[in-house]
Every structure is written in C-alpha cells, then in structure tokens.
Amino acid sequence: MSSAYNESRYLQFKERIEKTEMDVAKSRRLILIILQQLEPYYQCLLTLESMEPFAKLKGFREYVKLHINSIEPDVLEEYILLCNETGQIVGEGEESELFSEEDILLMREKYYTEIHTLSDEHKLVSDYGYCIFGSLYYIISFFQFSTEDADKMKKRVEKLISFIFEDMLLDFNEDLYDLSNISFIDSTVDLLMKEL
C-alpha cells in the first residue's frame, strides 16, 4: 500500500469533513471512532507487566462511551496524568508527578526487556508507543476541553484528526501495513466517512 493512496483517502476525508455540518454529538462520535481504532494499540502496550501502573488507561474508551455527555473533569484529569506519565517509559517525558526517578528507571528497563520478547507486530506497536500514547493523550484532552459550541467542536475535531493522521501515525500506518496488510488510516477513515 503506497502512502500516496493513504494520503489520497485522507485528503478526501478532510475535504468531506470540512463541508459537513456537525453538531456536538457527531463530533464526539467521530472522536470515539478514532479512539476505538486506536484502542488495540494502546491496549497492547498496557498488557505488558511493566505498564501495570498505567492499567487504569485500559478503561478509558469504555468510560467515555458510558459517560459521553457527562464526563467528570476529575476523572479526565487522572487519565491525562496517567497518559502523560507513560512518556517516561515509552519515550521521553518531563519530570514524573507520580513516580520516583528510580521507579521510572526500573519500569523503563523492564519495558524494554519485555518488548524484545514480543511478536513482530507487537514490537512494531512498541516502537510507536510514544506516538500511540501521544494520540491517546490528545483524544483524552479533546474530551477535557469539549464545549457545547458546534463550530468550536468541529474545529477541535479537525485539529485532532490532522494531528493524529498527519503528524503522528503516518509512518506507523505504513510499517503496520507492510507487516500485516492493515492500514490504520484507511480503516479509520472508512469508519469516519460512514459516520459523516
């Protein structure tokens, strides 16, 4: 699968979303679709023993699904903090608010030891762990700052989609396709197009 095809599909979607009227509920549904498509990847990482301290993130999609219209700010803050803290383990991060420097070093060492035992597809997911958790972070933040203004929500949706597909997961999509013939971008765009 060439990146030209992925880019073409994505550009068709961007054009369509720009022309589509969206209410707040539809904006939230679109983000929930992206979250659903991203879930197998962050869940894969969260099953590692080294990621046990972040296990609560496993329930984020279910929480949002159940509380889409009444998300508690304190709950979102906890998810945001946990997601942000994963950066210390899978990539880079700022000073931890939850763990000591020694704890971070032990978790990171255990994480990198564990990923060497994974299948190729799971190793690929771990290679993009920082991007995957970064995408999850921005999705969680979307719900934190969502408003009841349809135009503002639509702009936030466009920005989030652009960030995830253009800035973070294009390389992951290509590598994933080469490995398993699955296109994250195409499968997600197909589902989003059906919703529009």
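Cut-offs and rules
- Residues numbered from 1 in each chain as written.
- Predicted model: local features only at pLDDT ≥ 70, side-chain atom pairs only at ≥ 80, totals over all residues.
- Heavy atoms only, no water.
- Phe/Tyr/Trp six-rings, centres within 6.5 Å; stacked < 30°, edge-to-face > 60°.
- Helix = DSSP H or I, 4+ residues; strand = E, 2+ residues; numbered from the N terminus.
- 1 Å grid on protein atoms, 1.4 Å probe; cavity = no way out; pocket = protein on both sides within 12 Å on 5 of 7 lines; lining within 4 Å.
- Points joined across faces, edges and corners; volume = space filled by probe spheres on them.
- Nonpolar A, V, L, I, M, F, W, Y, C, P; charged D, E, K, R; others polar.
- Axes fitted to C-alpha atoms, helices over the stretch in contact; angles between N-to-C directions.
- Parallel < 35°, antiparallel > 145°, perpendicular 65-115°, else oblique.
- Left-handed = near helix turned anticlockwise from the far one by under 90°.
- Contact = heavy atoms within 4.5 Å.
- pLDDT = per-residue confidence, 0-100.
- Salt bridge = Lys/Arg side-chain N within 4 Å of Asp/Glu carboxyl O.
- Buried < 20%, exposed > 50% of the residue type's maximum accessible area, 1.4 Å probe, protein only.

## Details of the packing of aromatic side chains
Aromatic ring pairs: the centre-centre distance and the angle between the two ring planes describe each pair. Here the structure, examined in full by the defined rule, presents 13 aromatic pairs. Each ring, one from Tyr-41 and one from Phe-184, has its centre 5.9 Å from the other, and the planes form 70 degrees; the classification is edge-to-face. Note that Tyr-41 is positioned in helix α2 (residues 24–46) and Phe-184 in helix α10 (residues 184–195), a separation of 143 residues in sequence. For the ring pair Tyr-111 and Tyr-112, a centre distance of 5.0 Å and an interplane angle of 85 degrees mean the geometry is edge-to-face.

## Observations concerning the layout of surface pockets
Here the largest pocket is characterised by a volume of approximately 250 Å³. If you go around the largest pocket, you meet 14 residues; those closest to its centre are Asn-84, Glu-92, Tyr-130, Gly-134 and Tyr-137. At five residues, the largest contribution of residues to the lining of the largest pocket is made by helix α7 (residues 129–144). For the lining of the largest pocket, the class distribution of residues is seven nonpolar, five polar and two charged. Put simply, the second largest pocket is a space of about 160 Å³. As for the second largest pocket, its lining consists of Tyr-138, Ser-141, Phe-142, Arg-156, Lys-159, Leu-160 and Phe-163. Those elements that place two or more of their residues in the lining of the second largest pocket are α7 and α8 (150–168). Per-class residue counts for the lining of the second largest pocket are four nonpolar, one polar and two charged.

## Structural notes on the packing of helix α4 (residues 73–90) against α7
Contact geometry for α4 and α7: axes closest at 9 Å, N-to-C directions at 165 degrees. Considering their axes alone, α4 and α7 lie roughly antiparallel with respect to each other. Every pair of crossing elements has a handedness; the one defined by α4 and α7 is left-handed. Contacts between α4 and α7 involve Leu-76, Glu-77, Tyr-79, Ile-80, Cys-83, Asn-84, Thr-86, Gly-87 and Val-90 from the first element and Gly-129, Tyr-130, Phe-133, Leu-136, Tyr-137, Ile-140, Ser-141, Phe-143 and Gln-144 from the second. Its residues placed into classes, the contact of α4 with α7 shows eleven nonpolar, six polar and one charged.

## Topic: the confidence of the model for the protein
Of all residues in the protein, 96% attain a pLDDT of 70 or more, and the chain-wide mean is 88. Model confidence for the protein, summarised as mean pLDDT per element, is weakest for helix α1 (residues 3–19) at 79 and strongest for helix α3 (residues 60–66) at 95.

## Examining the pattern of salt bridges
Side chains that carry opposite charge are capable of pairing whenever their charged atoms lie near each other. Going through the model one piece at a time under the given rule, you end up with seven salt bridges. Residue Lys-14 pairs with Glu-166 through a salt bridge whose shortest N-O separation is 3.2 Å. Separated by 152 residues along the polypeptide, Lys-14 in helix α1 and Glu-166 in helix α8 bring together distant segments of the chain. By relative accessible area, which is 26% here, Lys-14 ends up partly exposed. Using a relative accessible area of 36% as the deciding quantity, one classes Glu-166 as partly exposed. In this structure, Arg-29 and Glu-195 form a salt bridge, with 2.6 Å as the shortest nitrogen-oxygen distance. Placement of the pair is Arg-29 in helix α2 and Glu-195 in helix α10, with a sequence separation of 166 residues. Residue classification places Arg-29 among the partly exposed residues on the basis of a relative accessible area of 38%. Overall, Glu-195 belongs to the partly exposed group, its relative accessible area being 25%.

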